[in-house]
Amino acid sequence: MILSDEELAEWDRDGFLVVPGAVGAAACDELRTRANEIVAELDASTVSIFSTDEQTRTSDEHFLGSGDQVRCFFEAGAFDDDGALRAPNEQSINKLGHAMHDLDPVFDRFSRAPIFAGIAADIGVRDPRLLQSMYIFKQPHFGGEVACHQDATFLFTEPQTAVGFWVALEDATIHNGCLWAEPGGHRGPLRQRFVRDGAGGTRFDLLDPTPLPDPASARLVPLETPKGTLVLLHGLLPHWSDTNRSERSRHAYSLHLIEASATYPPDNWLQRPTLPLRGF
Ligand code: FE2
């Protein structure tokens, strides 16, 4: 066992768990270096798909086809009217997604560290499958807000089995856009599902009208986490992060697991036609 009885009780009570020092500084730095290399190597033609007149269609394709790829996603407003990036790649990037853990050796090694497998077993995941990885840059001054959501909206299984492993690759504070979460909020219903609409786009299907907490409400608490901290997130837990208005970036890595035995619907936005789901 890696987690103590107290930590497991916290996880059950709150729907999240902060594990300081789970990942060493050198491993955090190695992942940062690799992510920066991927962005630097980014082919300009990949960027320019956003510059066509059919921006919505190509954006949908770029996004919907990313489940079994390593793709770059840019901050809103990163492109000028002619479709060119206003700033260099490394200052415009919002995130990488969504299969680095299977396709990139550095991300693979980071994602399959024994501590993650051990913690997944501790919280009762019987036969984990690594479904999705995201590298989030949260740039200084404008790194975008992520609105309040439940991860199961995007990673729906029946029954609900999604668990997020979120790692602070740099110190995360209320100033540079740390996570905020609703303690106990994982006991509430799943509000909506994000699905493919069958016409090349996506839509949200409402499942339950209970509103998610307002980010300004006292129900949400900030999770200020030093570099190397792991935050476990239950798939039903409402959480969000603010715009980074500070001078310092807030790089983070997030990896999501599901149970092998759960049903994964074919209309979930994320599909991996070229990659089998694997465990740790
Ligand atoms: Fe999330």
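In this text the structure is predicted, and so the values were computed from the model without any measurement. (Residues numbered from 1 in each chain as written. Predicted model: local features only at pLDDT ≥ 70, side-chain atom pairs only at ≥ 80, totals over all residues. Heavy atoms only, no water.)

Side note on the overall build of the chain
When helices and strands are counted, the chain shows nine helices and 13 strands. Counting over 280 residues, the chain shows a buried share of 51%. Pairs at least 24 residues apart make up 82% of the contacts formed inside the chain by residues separated by at least 6 positions. Accessible surface, the chain: about 12,500 Å² in total, of which carbon and sulfur atoms supply 53%. (Helix = DSSP H or I, 4+ residues; strand = E, 2+ residues; numbered from the N terminus. Buried < 20%, exposed > 50% of the residue type's maximum accessible area, 1.4 Å probe, protein only. Contact = heavy atoms within 4.5 Å. Areas by Shrake-Rupley, 256 points an atom, 1.4 Å probe, with all protein chains shown as cover.)

Here's the deal with the coordination of the iron ion
All of the protein donors around the iron ion are His149 (NE2), Asp151 (OD) and His239 (NE2); their distances to the metal are 2.1 to 2.2 Å. The sequence motif formed by the donor residues of the iron ion is H-x1-D-x87-H. With a gap of 88 residues between them, Asp151 in helix H9 (residues 151-154) and His239 in strand E12 (residues 239-241) connect regions that are remote in the sequence. His239 shares its class with Asp151; the two are buried. (Donors = N, O, S within 2.8 Å, 3.2 Å for Na, K, Ca; no water.)

What to know about the sheet that holds E12
The sheet built from four strands is open, its strands ordered E5-E12-E7-E10 with antiparallel pairing. Of all strands in the sheet, those bounded by a partner on one side alone are strand E5 (146-149) and strand E10 (221-223). For this sheet, the mean angle separating the axes of adjacent strands, direction not counted, is 25 degrees. The pairing of strand E7 (residues 179-181) with E12 spans three bridges and is antiparallel. Directly across from Ala181, in E12, lies its bridge partner His239. (Pairing = 2+ DSSP bridges. Axes fitted to C-alpha atoms, helices over the stretch in contact; angles between N-to-C directions.)

Side note on the nonpolar core
Residues Leu96, Tyr135, Phe165, Leu230 and Leu232 are the most contacted members of the largest nonpolar core, which totals 40 residues. Sort the elements by how many residues they give to this core and helix H2 (residues 25-40) lands first, with five residues. Not counting residues up to four positions away in its chain, the partners in contact with Leu230 are Leu17, Val18, Val19, Ala22, Phe116, Ile119, Phe165, Trp166 and Val167. Listed in part, the 12 residues of the second largest apolar core include Ala168, Cys178, Ala181 and Leu237. (Core = buried A, V, L, I, M, F, W, Y, C linked by side-chain atoms within 4.5 Å.)

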